[in-house]
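For reference, the chains in residue letters:
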Amino acid sequence: MRLPLSLSFGEDFSLEPGNPPRVAGLLLFCVSLFAVFLLAACASRPETGYLTPVNLAGSQPTAHHVLVATTRARDSRPGTYFNGERAGALDFAQFTVDVPQQHVSGNIEWPSNAPGNPKKNFVVSDASYLDGDKEFIKNLNSQLALRPRGSRNVLLFVHGYNTMFAEGLYRLTQIVHDSRVPGVPVLFTWASRGKVGQYVYDTNSATIARDDLVHTIRLILASDADKVNIVAHSMGNWVTVEALRQIKISGKALAINRIGLVVLAAPDIDIDVFKSQMRSFGKPKKPFYIVISKDDKALRTSSFIAGGPARLGAEADTDELAALGAVVVDMTNVKANDSSHHGKFAELAELGPELGTVLAGGIGGTSEPENGGALQTIVTAPIVLLGGTVQITRAP
């Protein structure tokens, strides 16, 4: 989700009689939210033409082959491929995305006009639809075969709310490029309309996509992949956790040894719903890694719209999440590259191949919380990186 305007709200929106400050707080929130809608509508977004293949001699970009599984409808407009409407069945495609030499880690160098300049921007140099499950697996296996045995991994990325197709594609490419972790990138992209005002539509689209994500995960595990790592962002976490829950209760379990990291970044999930989902799982044999930021303004807005408690990605009680079997990566003190503070997870890619080590045990040793506590949660020493400090909390 991308919010182009930094918002600051009061915390009490009660409409009790004789309480003008609280009414003013609500009005300020509504005006600010309307401004977000307006700016989002006027802002330049990569809706059409941005995926037109471009080749420029001498540009020397770094190419990444990305496979796509999607519940989006195909779009006949040139350089677009998929839009925000729902398809009747799961569809597939493949893209070669080029990253310019002057790329800045954590960023996506968007072209000001479609399709962009390979010397300065993220661009596509090759693209095509794939015909069904068999062609998807064939293409995946051909990419895996380029890697040595034991390193034939897949990175499956599930994007969040308010995300156009090109935005999800380029975000995954940025993560893969910056992390330098070898693996075949696969984008699971569901039918988000890429509009702030379409929150309910996007929520329903995410829910509809659960079965197709289950199918995609099973397809990947039917390939020659040694391991699949899963990263979900924002509302994409709802799809991901529900899909994993469905697999758990189906009785057709996955080969747990082939599931690597499961990273839930800025999850837009009601905290009570997540607790219920985790009770279905039981404490997982491999922990979920939950990336939170307590200053995530997008999740504040989501919580207000949903009329519920805090969203999982802004949860303050890290001990409770650790007790459920999660490792909590708190990025509150890391400077955000976006005004909503909702995209900090993308900066973790800078850790590159060291990311697994950091998540598993932290850097600089571990220390017990000052006050102990019944959960006996282990808190790693704060990791100084990314222009701030990252705190990792896990249960022993």
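Overview of the structure. (Residues numbered from 1 in each chain as written. Predicted model: local features only at pLDDT ≥ 70, side-chain atom pairs only at ≥ 80, totals over all residues. Heavy atoms only, no water.)

Right, let's get into empty space enclosed by the protein. A probe as big as a water molecule, rolled over the atoms, marks out the empty space that is left. One pass over the structure, following the stated rule, counts 2 cavities of 30 Å³ or more. Of the voids in this model, the second largest cavity is the one considered here, and its volume is about 40 Å³. Around the second largest cavity, the lining residues are T71, R86, A87, A191, S205 and I208. Within the residue set of the lining of the second largest cavity, elements represented by two or more residues are β2 (81-99) and α4 (199-208). Across the lining of the second largest cavity, the residue classes tally to 3 nonpolar, 2 polar and 1 charged. (1 Å grid on protein atoms, 1.4 Å probe; cavity = no way out; pocket = protein on both sides within 12 Å on 5 of 7 lines; lining within 4 Å. Points joined across faces, edges and corners; volume = space filled by probe spheres on them. Helix = DSSP H or I, 4+ residues; strand = E, 2+ residues; numbered from the N terminus. Nonpolar A, V, L, I, M, F, W, Y, C, P; charged D, E, K, R; others polar.)

Right, let's talk about unusual backbone geometry for a bit. Residue P115 is bonded to the preceding A114 through a cis peptide linkage, with omega at 0°. Mapping P115 onto the fold places it in the loop between β2 and β3 (123-130). In this model, Y81 sits at a positive phi of 75°, which is unusual for a non-glycine residue. If you trace the backbone, Y81 turns up in strand β2.

Looking at the element boundaries, T216 is found in helix α5 (residues 210-221). Its relative accessible area of 0% is what places T216 among the buried residues. Aside from chain neighbours lying at most four places away, what touches T216 is A69, L90, L156 and F188. (Buried < 20%, exposed > 50% of the residue type's maximum accessible area, 1.4 Å probe, protein only. Contact = heavy atoms within 4.5 Å.)

Most of strand β5 (residues 184-189) is tucked away, with 6 of its 6 residues classed as buried. Here β5 shows a buried face lined by V184, V186 and F188 and a second buried face lined by P185, L187 and T189. When strand β1 (residues 62-75) meets β5, the two strands line up parallel, connected through 4 bridges. Bridging across to β5, A69 finds its partner in F188. Where strand β4 (residues 153-158) meets β5, 5 bridges bridge the pair, whose relative direction is parallel. Paired with L155 across the two strands is P185, which belongs to β5. This β-α-β element, β4 to helix α3 (residues 165-179) to β5, shows right-handed connectivity. (Pairing = 2+ DSSP bridges. Right-handed = clockwise from strand over helix to strand, strands pointing away.)

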